[in-house]
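Topology and contacts: notes
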Amino acid sequence: MNNNRKYLQCTPSTPKRRRLGNSKIARLTQTRGSVKHNVNTSKHIQIRENCDSPPLPCNQVEYLCDSDSHSSVCSDIPCSPGVLETCNILDNIDNWKSFVDSKTSREDSLSISIAEDAFKESFHSNNHYNNDKQKTDQFKEDVENSFNIINQSICNNDNAHFETKDSFLLDIRESGIIDNKFPTNKTEPKNNQFNNFYGLPILTKGLFKSYRNIEKFYDWQEECLNLNAIKERQNLIYALPTSGGKTLVAEVLMLQEVLVRKKNSLFILPFVAIVQEKIWALSPFAIQLDFLVEEYAGGKGHLPPKKRRRKNSIYVATIEKGLALIRNLIELDRLDEIGLIVVDELHLIGEPGRGGTLETLLSTVIFAKKGIQIVGMSATIGNLPDLAGFLQADVFQRQFRPVELTEYVKLGDMLHKIVWSSGNMELVPDRKLAFDYTETGYKMDPDLVGGLVSEVVPQDSCLVFCPTKRNCQSVATLLCNMQRSDMMSHRVQDRIALQSALRTEGSSADLVRCVRAGIAYHHAGLASDERCLLEQAFRSGVISVLCCTSTLAAGVNLPARRVILRAPLVGREFISLSSYRQMVGRAGRAGVCDAGESIIICGPREWPQLKNVFSSGLPPVTSQLRPNIASLLISAIALNLANDVRGLKEFLGCTLLAKTELSLNIEELCEENLIALLKSGALEFVGKTGQMTDLINTDLKLIVSKLGQAAIKSCLELEIARQLLEDIHQASQSLVLLGSLHLLYLVTGDTVVRPDYRHYYSLYCSFDEEASQTARVLGITERYAVRMITGKPITNIPERVLHRFYIALMLRDLWRLTPVADVADKYGVSRGLVQAALTSACAFASSAERLCGELSPLWPYKALFHDLAVRLRTCSMPELEQLMELPAVRKARAMQLYRAGFRRVEEVARASEESLSSAVQHLSRTAAQHLISAARMMLIEKVENLRADAEEVMEELKM
């Protein structure tokens, strides 16, 4: 037993009042840390000159250092006071579960001992607490102090990692708020710290300066934050060009909500990758300013969210998870805990699929009338007044861009400058292109893409947007063959390290070869680890040219000096003005480069159509709600927002569909959908039978069937829920439990894959017993397998079943810990598709678990799907699962951490940058710092979750 545990152990003979002496323990902890404290305060905090936003951690290599010299700029940062003394607390965060749900734990801790003794005493016949209100209050205070000891321990560790510039350090010290160290969460901010920075603590200004390198807001940001709509908490839409600084305003508003108004905020983002990026960007603010940042994306996020009484949260969510969170809060009558909803990329409301989901979310919040402020932002909305009418919002619009963007069109060998004037477009000839190409070079590259790229690299960066994934790879190969010698000699050692890391991830030989020339391609066919490595390499300048698809423009923040559009196409569709604006908006970014250029390559046949696109202006955003109307109506009834026909018509009248399609008869549309739902059994009238058309015109109450309730709770469309129940019913008659394959088939989700049937047959011939039995149960027999090899049509088995079983086979290999690259090669698909199938199956398993939980006869499947969802989230060995809960930590990185001795999140949280980066191969100090911060943020959230559970228990006991 180490000294800490020996010192803090309570024996049975210890007086019970002394066991609750948290203040004494805290004093002793501080005393034991005093020697270390004296050492720390004699050192200066390292000042970092390059203050970029915290990068996303990934399987990085040493090229991710902060300087071109490749030497780390971060010196060894000593532990903060009390770090060593709280190791036991960090070691045993998980043991708090025993206080709440009586689960056993492996180790003891100081706070566990305090809380357990106190909790047991409250039920014993001893009269210390039972009959004395004052002592009962003391008990509650002692338990609360126990949580605070843990929470402050974690937060204090992070202070040593707070880095800033000299000017900010002087500003803070001269303000009188601190003397020699930064403030911690130990004390509440003083009143005089507020009202100096948009009503926020003065420390917030320093955080923006330190982590974002932002010293002063732009004029439009100041103007926007001082709008009457903001002050009076009205809804707002603000629209500016890409890279104008829209997100910063949103972050200030969310900080005001959680710190000043003490309400939670919901930040809606379009992609999981952007959610994770924002989690990392906000985590330093959360640790310093004492609030929580919670991720709701993929399989992450508590539903319903934890009810917290001490801290407020910023929920960062995808559109789908955001809707699930809102519905859960409404069901529990807790929607008023949300004070602000911020929607990034508001124009996505007009996109098929997700657009209907986003409209459902916003319509639900508006109709609930809980006074929640909605703020939307976008750069590409053509009908702002229509959206403003839907959201009942004010509009703020500017054309500000901090870095000038010069746009060009390449027609033939002439480069023409695009001049925009009052919405009109004019072409002005700029220069004739002439590069020292050989005759062979002109044949290889008639559009002169290589010459246009070579004008800016390797000193600056270039993005080349291509219509398709295959085109990305072919353009990257072309550029490799066209590059000059100075491009090949740039950052050689860093590129070699990147090549090694990519080989570890199973990357193709073509991609590895391209990286040697400072060129790479980026699309959905790559694994997420590969994309993350390439993104970080591009940001750090190791990769100078990235050939990518249009999804990068919306999904990843990668600015460049020059952006080239290889063709005016997105896939097989002609480019729209909004897509064009998104892509060229990546050229030039404040703090990255001082100017931006975009060049779209266009042939003479395509120019008239492109000219028409430029002249027509941004297209209007239209509603995509029609496929979601049934789900909207069912949820309104299930959540008790409206329970009769009249109320449902009123609800439907609040949607964007009703506001923009004025010729549409909303009442008739509502009645048609209600009749269809009544016929399907999803809805029914209370205690009445008769003709549907007669009942629909009455004021009778409507209720949702058990299936409808289960579909809403599981966030599944009604038809998908019905199909899942049918699959479960069939499986119940002959469920194959030789392994996981049959269960995996049930959760294959909506991933689309079209296998080569000849290859399918070869796999069929090598099936083991589990696969053979599962195939027979699904109707895939040898007879149909022979039809695969002969090319004859398979008519008696739905094609959907064959495709889903193919995906289930891929998932089973991942389940068996087969690397993603090997699975992709075995089944003839891209690594990106393999990971997409895994992500989809994980989310679907979670939904299936909730669906079965709502339908009592299916309770055995709830248990099966629960374990399936947990295992699918990591597809790793059980000992790695906890490490893989860290954002962007995949199996390879988790294995490295485990082998280096960091086997739990707590051990990562208390590590130093130097020890972590030296123990884990290809982990830079910068990446180590953010990995440590992520681990600490996870522990803080875990403590707060347990605090919420403990408070709920005490509230139920009326203590």
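In the block above lies the structure referred to throughout.
Below is a summary of the structure that appears in this document. Values in this document were obtained by computation on a predicted structure and should not be read as measured data.

So, how was this worked out
Residues numbered from 1 in each chain as written. Predicted model: local features only at pLDDT ≥ 70, side-chain atom pairs only at ≥ 80, totals over all residues. Heavy atoms only, no water. Buried < 20%, exposed > 50% of the residue type's maximum accessible area, 1.4 Å probe, protein only. Helix = DSSP H or I, 4+ residues; strand = E, 2+ residues; numbered from the N terminus. Pairing = 2+ DSSP bridges. Phe/Tyr/Trp six-rings, centres within 6.5 Å; stacked < 30°, edge-to-face > 60°. Lys NZ or Arg CZ within 6 Å of the ring centre and 35° of its normal. Axes fitted to C-alpha atoms, helices over the stretch in contact; angles between N-to-C directions. Contact = heavy atoms within 4.5 Å. Polar contact = N/O pair within 3.5 Å; in protein donor to acceptor, adjacent residues only side chain to side chain. Salt bridge = Lys/Arg side-chain N within 4 Å of Asp/Glu carboxyl O. Core = buried A, V, L, I, M, F, W, Y, C linked by side-chain atoms within 4.5 Å. Domains from an automatic or database assignment.

Of all the seven residues making up strand β8 (residues 405–411), six are buried; the element is thus mostly covered by neighbouring parts of the structure. As judged from the four bridges shared by β8 and strand β9 (residues 414–421), these two strands associate in the antiparallel manner. The partner of Y408 across the bridge, within β9, is K417. Count of turn residues in the β8/β9 antiparallel hairpin: two residues, of which G412 carries a positive phi of about 65°.

For any pair of aromatic rings, the description rests on two quantities: the centre-to-centre distance and the angle between the ring planes. Evaluation of the coordinates by the stated rule reveals 22 aromatic pairs. Plain terms: the ring middles of Y757 and Y760 are 6.2 Å apart, the flat faces sit at 15° to each other, and that makes the pair stacked. Here Y760 and Y757 lie together in helix α37 (residues 757–765), a separation of three residues that amounts to about one turn. The ring of Y745 carries R804 above its face, with NZ or CZ at 4.3 Å from the centroid.

Within a sheet, neighbouring strands are paired by backbone hydrogen bonds and run either parallel or antiparallel to one another. If you trace the eight strands from one edge of the open sheet to the other, you get β10-β9-β8-β17-β14-β11-β13-β12, paired in mixed fashion. Bordering the open sheet on either side are β10 (424–432) and β12 (519–522), each of which pairs with just one other strand. Each strand of the sheet is rotated relative to its neighbour by a mean of 25°, with strand direction disregarded. Both strand β11 (residues 462–465) and strand β13 (residues 545–548) contribute to a ladder of four bridges, which runs parallel. Residue pairing across strands places C462 opposite V545, the latter belonging to β13. Those strands touched by helix α25 (residues 528–540) are β11, β12 and β13, and its axis lies near 135° from that of β12. This element, helix α28 (residues 607–616), spans β8, β9, β10 and β17 (596–602) of the sheet and lies at about 130° to β10.

Let us look at the side chain of S917. Along the polypeptide, S917 turns up in helix α46 (residues 913–919). On the basis of relative accessible area, S917 is assigned to the buried category, the value being 14%. Reaching out from S917, the side chain makes a polar contact with the backbone oxygen of E913 at a distance of 2.9 Å. Side-chain polar atoms of S917 contact the backbone oxygen of E914, separated by 3.3 Å.

On to the pattern of salt bridges, then. Throughout the structure, instances matching the rule amount to 40 salt bridges. Between R431 and D430 there is a salt bridge, and its shortest N-O distance comes to 3.7 Å. The partly exposed category is assigned to D430, whose relative accessible area is 39%. With its nearest N and O atoms 2.6 Å apart, the salt bridge here joins D494 to R491. For the pair D494 and R491, one class covers both residues: buried. Residues joined by salt bridges that share partners form a network here, namely D430, R431, E455, R562 and E597.

Of all hydrophobic cores here, the largest spans 92 residues; its most connected members are L648, L674, I780, F805, F865, L868 and L872. Three or more residues apiece are contributed to this core by two domains, here domain 3 (628–704) and domain 4 (718–935). Among residues more than four places away in sequence, those in contact with I780 are Y760, Y764, A775, M788, I797, L802 and F805. Grouped together as the second largest cluster of nonpolar side chains are 72 residues, C514, V515, A537 and A587 included.

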